[in-house]
Every structure is written in C-alpha cells, then in structure tokens.
Amino acid sequence: QVQLVESGGGLVQPGGSLRLSCAASGFTLVSYAITWFRQAPGKEREGVSCISGYDSLPDSMKGRFTISRDNVKDTVYLQMNNLKPEDTAVYYCATGLSSRCGGVMQYWGKGTLVTVSS
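This one's a predicted model, so the numbers in the text were calculated from it and none came from an experiment.

The next point concerns the state of the cysteines. With the rule as written, the count across this model stands at 2 disulfides. In this model C22 forms its disulfide with C93; the gap between the sulfur atoms is 2.1 Å. Taking the sign of the S-S torsion, about 75° here, the bridge from C22 to C93 comes out right-handed. Within this pair, whereas C22 is found in strand β3 (residues 18-25), its partner C93 is found in strand β9 (residues 89-95), the two being separated by 71 residues in sequence. The burial state of C22 is the same as that of C93; both residues are buried. Two residues, C50 and C101, share a disulfide whose sulfurs are 2.0 Å apart. In this structure the cystine formed by C50 and C101 twists about its S-S bond by roughly -95°; its chirality is therefore left-handed. Pair noted here: C50 is in strand β5 (residues 46-51) and C101 is in the loop between β9 and β10 (107-108), with a separation of 51 residues, a long-range link. You can call C101 partly exposed: its relative accessible area is 23%.

Thresholds applied
Residues numbered from 1 in each chain as written. Predicted model: local features only at pLDDT ≥ 70, side-chain atom pairs only at ≥ 80, totals over all residues. Heavy atoms only, no water. Disulfide = S-S within 2.5 Å. Helix = DSSP H or I, 4+ residues; strand = E, 2+ residues; numbered from the N terminus. Buried < 20%, exposed > 50% of the residue type's maximum accessible area, 1.4 Å probe, protein only.

Listed below in structure tokens is the structure:
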C-alpha cells in the first residue's frame, strides 16, 4: 500500500525550531512532488510548501520554513524556525504521485501535531 508517515512534531516554545520528516512505505519518494499542509484548530487546511520530484525544486516557501529532500534517505523535510503560536497545527505531507507540485493529493499521512506554546 501507498503510505506516508510524518514525524518530528511536538511541543515547542515560541521562537523554537522543529524539523518535520515525511517518509514513505510501499514506494519511494524520489520521483514525486511532496506537499506539506497544515490545519490549525478551527481553521481550514492550508498548503505550506511543496518540493518537486527529480530536480527537487521548491514550489513555495515561507520565510521561516524550508523544505528539502534527502534522496539517499528518501525523506522530505520541513525545517521550521522561529515558531509562533499561530503555527500550531497538525502538519501533513501528501502526494499525488506526480513529479510536479499541485494537483490532487491522493495520498496523505496521518499528520504530526506541532504545538507552539504561548
């Protein structure tokens, strides 16, 4: 089965940093674009950043966040720095099994919770 697994979430103080990881089972991520989404309490899900397959080019990037890919480990990361309380959300990685960012995300992880205390 196609399965994505996020990890790295947790509780962090404002101004702190976390690095989220997205790994796969049942397939390899190297060829595919991976998008990070988040959903904060009481808000709609929003896209955070995407990295393409093959060339691993970022589609978007917040000033405090950096998306990257380690092809050796077949893992996509979201480095989050200077975290703020409004960053509190469940973070998901997703893919449509396309090399390009955008389109329908067919496969989603279960999410990892990031809590930035105030």
